[in-house]
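A structural walkthrough
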Amino acid sequence: MIKISIVKREFPLFMSISLRIAIAILGLLIAVTTASFIFQQDLHTTLSLLTTSFLNLNVLRYVSVFLPTALGLIIAYNASLWNLGAEGQIVVGAMGATFIALFTPLGNIEYIGPATSLFFSSIVGALWAFIPIILKIYFNVNEALTTLMMNYIAYYLVDYLVYGPWRGKSVYGYPETDMIPIPCRLQRVVGYSFSLYPLLISLIFIVVIYFFLYKTRVGISIRALSTSSRAVELSGISSIKLAILAFILSGALAGFAGGTEVLVYHRKLVPGSKIGAGMGYISIMVAWLSSLNPIAAIVASYYVSTLYIFSLAIQIGSINIGDAVARIVIGAIFLLTIVSEFISKYKIVLRFEK
Amino acid sequence: MIENLLNVFTLSMLFMVLGNIVIERSGIINLTIDGVVTLAIAISYVLMQRFEPILSVFIVVLLIVAIAFIISLFINVLHASHILTGLSMNIALYGLSATIGVALSIERTIKQVIIPQSYVIILALIVTFMVWILLYKTKIGTFIRACGFNPRASEFLGIKVWKVRTIALAIGYTLIALGSYIYIVAYRGAWLPYSGMGNGFLALALAMASSWHPILALLITILFVYFYTSIYILQLIYGMPAAIVNMLPFTVSIAIVTIIQITPIKKKLTIPRALGEVYFKEERAT
């Protein structure tokens, strides 16, 4: 009689890194073979399509959303708090940025306008994240479910604004606001749809968050919160304050990403599901793909953005299901990541008993 | 009047909500529901163009239960986080649903099955009652609720947590598949890529708003769908924006769960405390 049991193990760092890289390469192989199989292209064309996607600078348009959002989520997940609300926080962040840009005199001033917009969008995002964490800490309401629900509340809140009070005067009945004033827009790189400023700020965020999480007392306590909250309490730091801090930081970074979406890409407020476009959910997977490490986040976000661009590239061939195939591939890669997580944490032991 | 309160759409939502209740009572955060609903709708649409209604129900339920076993594999064997499993499965299943629907459909519409009003009411009452009996009066229901409340303690009492959670997933997804089938076959009748996306999360919110209790779920679902289907009337008479009505179930579900937690009702309406807990049973290594 064979008895199968699953036991924990410690995987060396080198091994888990190489496992992750193997998963990433396997994912690309799946992407290429599926694409060439379904669209009946030869493998060579698809491969060259993938290479051009890797080198296409428009990848940075997605990186500038995924990177800050995933960085914020990394803080929350390190504290083992399930923030699934990045999507909603991006959307309300966009709302905050539009408010400053369109409805306050600050929007017409150069430099100060975009800066205050982005700052305010982070504050709105942080406030949006503040509600579920308060409910979690004081009333013990599951934060994963509340943040998920609040995504939809954010969608409909923005829908209400663009269909109602904020609808622009010169948009011919489309559900969107007027364009934000020119001084408030962030300059795009010529020929592409991304701007360098948010990317530079995100790069600074990486360094800051790395030092915060690994070198400061508060950051280390946040990382310890998941495994030994008792020890954190005994070291004299309130675990309640830490949880709130981790959550509002993640909300603020997602809000920042939403703000840049308005200032760089859309340049007006559009209905909620178009601003978020599911990127908040993808960011959750980016955070886990990078094993909750802020420095690995840049690689993970670049990788996922490439898959995004690749999916757009293969869509041109057959418009109907290109997007759907891309989703299957991305989902399969994420499932593979989960399997790799299992391999690095557990092992299967077979025992032969008489 | 009764047609407004309990129509086919209410019935389909009720099935999904009840299925979700069975699953979440066993302690699984069931985010995969949205992807599965989208997939089940696409599969039913494709099947209805080829087979008789009864046969297509069987095939849909079988396929969706197979997916439930895959979810169980991830959650119970691979010990993956419920949330990550749910989100990744969702992305893949959305894609799969659109691919299946576009690639395999023959025509744009299907022959609708009309369920008479009296049947709708009887079906709604029966399914609610059955789920209530299952959860509160049978042995397996008690096991399911125990696993959702404290898996470690249940294991000590001799319950195999992975077995119970798998059974809960199978029962729950059977109900969810039936709900999706009713949605496309008896209510919508036509299909576009990603039809029904978001309905799963709506069911998740309604289940949470009814504090995972089947009889409250019946009331809450009826109430919400009444509001939802009368959006246009509300807009015309009271000038209520559609976005606000759409927002309601999500706001209300958060409010209700918070109220349950802060008031003494908490002792009567127990909510699954171990929701989302990955249960790992330590075993000997050699």
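Only a predicted model underlies this, so the values are computations on that prediction, with no experimental measurement involved.

A count of helices and strands for chain B gives 13 helices and 0 strands. Ordering the α and β elements of chain B from the N terminus gives α-α-α-α-α-α-α-α-α-α-α-α-α. A compact globule built from 286 residues should have a C-alpha radius of gyration of about 19 Å, and chain B, at 19 Å, falls within 12% of that. Taking the principal axes of its C-alpha atoms as reference, chain B extends roughly 60 × 45 × 30 Å. Counting over 286 residues, chain B shows a buried share of 58%.

Turning next to the side chain of A:Thr98. The residue A:Thr98 is located in helix H4 (residues 86-103) in this model. Look past the residues within four positions of A:Thr98 in its chain and what remains in contact with it is A:Phe103, A:Trp166, A:Thr177, A:Val262 and A:Leu269.

Glancing now at empty space enclosed by the protein. To find the voids left in a structure, one rolls a probe of water-molecule size over its atoms. All names here are of chain A. Taken as a whole and judged by the stated rule, the model has 2 cavities of 30 Å³ or more. There is about 70 Å³ of room inside the largest cavity. Every residue lining the largest cavity is listed: Arg61, Ser64, Ser193, Phe194, Ser195, Pro198, Thr260, Glu261, Val264 and Tyr265. Broken down by secondary-structure element, the contributors of at least two residues to the lining of the largest cavity are helix H3 (59-78) and helix H10 (239-266). Take the lining of the largest cavity: its biggest share by element is 4 residues, from H10. Of the residues in the lining of the largest cavity, the class split is 4 nonpolar, 4 polar and 2 charged.

Residue and element names in this part refer to chain A. Enumeration over the complete set of coordinates arrives at 4 salt bridges over all chains. Note that Lys136 is salt-bridged to Glu143, the shortest N-O span being 3.5 Å. For Lys268, the salt bridge identified is with Glu176, shortest N-O distance 3.4 Å. In this pair, Lys268 is assigned in the loop between H10 and helix H11 (272-276) and Glu176 in the loop between helix H6 (143-163) and helix H7 (196-215), connecting sequence segments 92 residues apart. This pair shows no difference in class: Lys268 is buried, exactly as Glu176 is.

Turning next to the domain arrangement of chain A. Residue and element names in this part refer to chain A. Structurally, chain A comprises domain 1 (1-30 + 316-354) and domain 2 (64-299). Each of domain 1 and domain 2 was reduced to a C-alpha centroid, and the two centroids are 29 Å apart. Across the contact, 5 residues belong to domain 1 and 5 residues belong to domain 2. Taken together, both faces of the contact between domain 1 and domain 2 bury some 490 Å²; the carbon and sulfur share is 72%. Of all residues in domain 1, Arg20, Phe334 and Thr337 bury the most surface against domain 2, accounting for 77% of the area lost on that side.

Space inside the second largest pocket adds up to approximately 1400 Å³. For the second largest pocket, the lining is made up of 45 residues, of which A:Tyr152, A:Tyr155, A:Ser273, B:Met197 and B:Gly198 are closest to its centre. Considered class by class, the residues forming the lining of the second largest pocket number 28 nonpolar, 10 polar and 7 charged. Here the lining of the second largest pocket gathers at least three residues from each of two domains, domain 1 (1-30 + 316-354) and domain 2 (64-299) of chain A.

Quick notes on the rules
Residues numbered from 1 in each chain as written. Chains lettered and ligands numbered in written order. Predicted model: local features only at pLDDT ≥ 70, side-chain atom pairs only at ≥ 80, totals over all residues. Heavy atoms only, no water. Helix = DSSP H or I, 4+ residues; strand = E, 2+ residues; numbered from the N terminus. Rg over C-alpha atoms; globule rule 2.2 N^0.38 Å. Buried < 20%, exposed > 50% of the residue type's maximum accessible area, 1.4 Å probe, protein only. Contact = heavy atoms within 4.5 Å. 1 Å grid on protein atoms, 1.4 Å probe; cavity = no way out; pocket = protein on both sides within 12 Å on 5 of 7 lines; lining within 4 Å. Points joined across faces, edges and corners; volume = space filled by probe spheres on them. Nonpolar A, V, L, I, M, F, W, Y, C, P; charged D, E, K, R; others polar. Salt bridge = Lys/Arg side-chain N within 4 Å of Asp/Glu carboxyl O. Domains from an automatic or database assignment. Buried area = accessible area lost by both parts, 1.4 Å probe.

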